[in-house]
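# Residue-level structure breakdown
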Amino acid sequence: MFLWKKTKKNQIRLDPNNIPCHIAIIMDGNGRWAKKRGLPRTAGHGAGADTLVKIARHAYDLGVKCLTVYAFSTENWKRPQEEVSNLMNLCMKRLPQIVDLMEHRKVAVRFLGDRSRLPAPLVKMMEDEEARTAEYSKTGCFLNIALNYGGRDELIFAVREIAKKVQQNEISLEAVNEELISAHLYTAHCPDPDLVLRPSGEIRISNFLLWQSAYSEFYYDNILWPDFSEKDLERAILTYQGRNRRFGGV
Ligand code: IPE
Ligand code: IPE
Ligand code: MG
């Protein structure tokens, strides 16, 4: 097992040969962060967007290739209309800055989820921002932003697509296997996540990457997402590096 050390400045030293290739984050706890400060929930979402910029930057610096962040779930439409529209506006406001950073780092931005229910100007912006960074796909570095994403929803779309191809004799029933299903998911361009992080103290998956996380390592933290720091990310990776991944073997 890799033995980790702390440097003099109390810095965490990670094994550079065992950095998770793909980290997925459930960015949770914005509302509670705001409430603790007597602020509206929107302020928490704004602070959460700042944290995303900071953590994404650090993750790629550490050598992570794919980062997938859960920004809005298919269940989040249940929230008050005002919060939902604030979240959509926040996406429009903050996306260009996030994509600027990714462009600078040669990271391709992709959106995961059902776009049909999202506001048209936001969808247009998402398409433009994907196009702006599309050429970086070849680097293998991705920032996936899950927006109106649901793991079950994703599987329904995949099943429909595959069923259609079988029905039209494009593929045989026997051709339906794990690889084919993975190739029909929003994450087809990335390997499965090695590490799934959930700050905020909740210990549940909330419909995130259900198929892809079959063998992911899970890491939960009580820190609310807006307070999540670079050091917290390193701590999560350090914990990951101490895990023994067996994938069902011995
Ligand atoms: C996560 O923070 C952001 C979204 C789900 C959009 P929450 O808004 O869920 O914050 P809490 O869980 O209520 O604190
Ligand atoms: C999960 O957080 C979704 C996102 C972070 C976008 P929620 O706050 O919606 O999850 P639950 O309701 O606590 O399970
Ligand atoms: Mg929440």
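Residues numbered from 1 in each chain as written. Chains lettered and ligands numbered in written order. Predicted model: local features only at pLDDT ≥ 70, side-chain atom pairs only at ≥ 80, totals over all residues. Heavy atoms only, no water.

## As for the sheet that holds strand S3 (residues 108–112)
Taken in spatial order, the six strands make up an open sheet running S3-S4-S2-S1-S5-S6, and their pairing is parallel. In the strand order of this sheet, the two ends are held by S3 and strand S6 (217–220), each with one partner. Mean inter-strand twist for the sheet, computed between neighbouring axes without regard to direction, equals 20°. Where strand S2 (residues 66–73) meets strand S4 (residues 142–149), seven bridges bridge the pair, whose relative direction is parallel. (Pairing = 2+ DSSP bridges. Helix = DSSP H or I, 4+ residues; strand = E, 2+ residues; numbered from the N terminus. Axes fitted to C-alpha atoms, helices over the stretch in contact; angles between N-to-C directions.)

## Some words on the nonpolar core
Core analysis: the biggest nonpolar cluster contains 48 residues, and Ile23, Ile25, Leu67, Leu143 and Leu197 have the highest contact counts within it. By residue number, the principal contributor to this core is helix H3 (residues 81–105), which donates nine residues. Excluding anything up to four places from it in sequence, Ile25 contacts Ile55, Leu67, Thr68, Val69, Tyr70, Leu197, Pro199, Phe208 and Trp225. Of all hydrophobic cores here, the second largest spans nine residues; its members include Tyr149, Val196, Phe208 and Leu209. (Core = buried A, V, L, I, M, F, W, Y, C linked by side-chain atoms within 4.5 Å. Buried < 20%, exposed > 50% of the residue type's maximum accessible area, 1.4 Å probe, protein only. Contact = heavy atoms within 4.5 Å.)

## Some thoughts on unusual backbone geometry
One non-glycine residue, Ser206, lies in positive phi territory at about 45°. On the secondary structure map, Ser206 appears in the loop between strand S5 (195–198) and S6. A positive phi angle, near 65°, is found at Asn207, a position not held by glycine. Tracing the backbone through its elements, the reader meets Asn207 in the loop between S5 and S6. With a relative accessible area of 13%, Asn207 lands in the buried category.

## Considering the layout of surface pockets
There is about 740 Å³ of room inside the largest pocket. Forming the walls of the largest pocket are 35 residues, and the residues nearest its centre are Met27, Asn30, Tyr70, Ala71 and Phe72. Broken down by secondary-structure element, the contributors of at least two residues to the lining of the largest pocket are helix H1 (30–36), helix H2 (41–62), S2, H3 and S4. A total of seven residues in the lining of the largest pocket trace back to one element, the largest contributor, which is H3. Partitioning the lining of the largest pocket into residue classes produces 17 nonpolar, nine polar and nine charged. The volume enclosed by the second largest pocket comes to roughly 210 Å³. Considering the residues around the second largest pocket, the lining is formed by Glu178, Ser182, Asp192, Pro193, Asp194, Trp211, Gln212, Ala214, Tyr215, Ser216, Arg245 and Phe247. A per-class count over the lining of the second largest pocket returns five nonpolar, three polar and four charged. (1 Å grid on protein atoms, 1.4 Å probe; cavity = no way out; pocket = protein on both sides within 12 Å on 5 of 7 lines; lining within 4 Å. Points joined across faces, edges and corners; volume = space filled by probe spheres on them. Nonpolar A, V, L, I, M, F, W, Y, C, P; charged D, E, K, R; others polar.)

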